[in-house]
Amino acid sequence: MEQQYNSTKRIALFPGTFDPFTIGHESLVRRGLSLVDEIVIAIGINEAKKSFFTVDQRLRMISGLYEKDPRVRVESYDSLTIEFAQKTGAQYILRGIRSVIDFEYEKTIADMNRTISGIETFVLFTEPALTHVSSSHVRELLRYGYDVSGFIPEGMTLTKKDIV
């Protein structure tokens, strides 16, 4: 059962599949917390997409990183992002942009979300040192048994045996 949240806090929803959560995602959460009071990391469930990690694994991995930070919640959802944002009390959607291609995609979605719900999206540009980091690249390295510790947050461990 999903919880309803009511709050006067500035809350941002940070949606994604986070398969897996990377140092790029961690950077966006850290920087986003300087702009809002709380961030809800929202793991989207897309049954049509083949994931490396189960939703439960991703919930545990990310929750473990933020277990001592009350400003971060980690939840999963299987609805429209704006519907979930409204259920969590989020007034904003946080997104990251690595490239011009990301910008075009995110702008279109932000415009649609604002039009149908009034929820604003704010974007943070990826830190230059992290523009090459992506979940898909980390998955590829994992698939071939490479050490991915330089691309995932400190305290998180992933190995080939963790893959679903």
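Criteria and thresholds
- Counting from 1, residues in each chain are numbered in the order their sequence is written.
- Reporting of local features is limited, given that this is a predicted model, to residues whose pLDDT is at least 70; pairs of side-chain atoms are given and counted only at 80 or more, and all residues count toward the totals for whole chains, interfaces and linings.
- Excluding hydrogens and water, the side-chain figures rest on all heavy atoms present in the structure.
- Residues belong to a common nonpolar core when they are buried Ala, Val, Leu, Ile, Met, Phe, Trp, Tyr or Cys residues joined through side-chain atoms within 4.5 Å.
- Only protein chains enter the accessibility calculation, which uses a 1.4 Å probe; a residue whose area is less than 20% of its type maximum is buried, one above 50% is exposed, and one in between is partly exposed.
- Secondary structure counts use DSSP, requiring at least four H or I residues in a row for a helix and at least two E residues in a row for a strand, with both numbered from the N terminus.
- The crossover handedness rule: strands pointing away from the viewer, path from first strand over the helix to second strand clockwise, crossover right-handed.
- By this definition, two strands are paired if DSSP reports at least two bridges between them.

Caption draft 1: Structural detail: the nonpolar core. With 29 residues, the main nonpolar core has Phe-14, Phe-21, Val-29, Ile-39, Ile-41, Ile-62 and Leu-158 as its most contacted residues. Core analysis: the next-biggest nonpolar cluster, separate from the first, contains 11 residues, Ile-11, Val-40, Ala-42 and Ile-93 among them.

Caption draft 2: Just the pairing of strand β2 (residues 38-44), in detail. With seven of seven residues buried, β2 is to be regarded as a mostly interior element. A two-sided burial pattern is seen for β2, the buried positions comprising Glu-38, Val-40, Ala-42 and Gly-44 on one face and Ile-39, Ile-41 and Ile-43 on the other. Note on the crossover from strand β1 (residues 11-16) through helix α1 (residues 23-32) to β2: the handedness is right-handed. In this region the chain leaves β2, passes through helix α2 (residues 55-66) and returns to the parallel neighbour strand β3 (residues 72-77); the handedness of that crossover is right-handed.

Caption draft 3: Up close: the pairing of strand β5 (residues 120-125). Sheet topology note: the strand β4 (residues 92-97)/β5 ladder contains six bridges and is parallel. Considered in β5, the bridge of Tyr-92 is made with Glu-120. Each parallel crossover has a hand, and for β4 linked through helix α4 (residues 100-117) to β5 it is right-handed.

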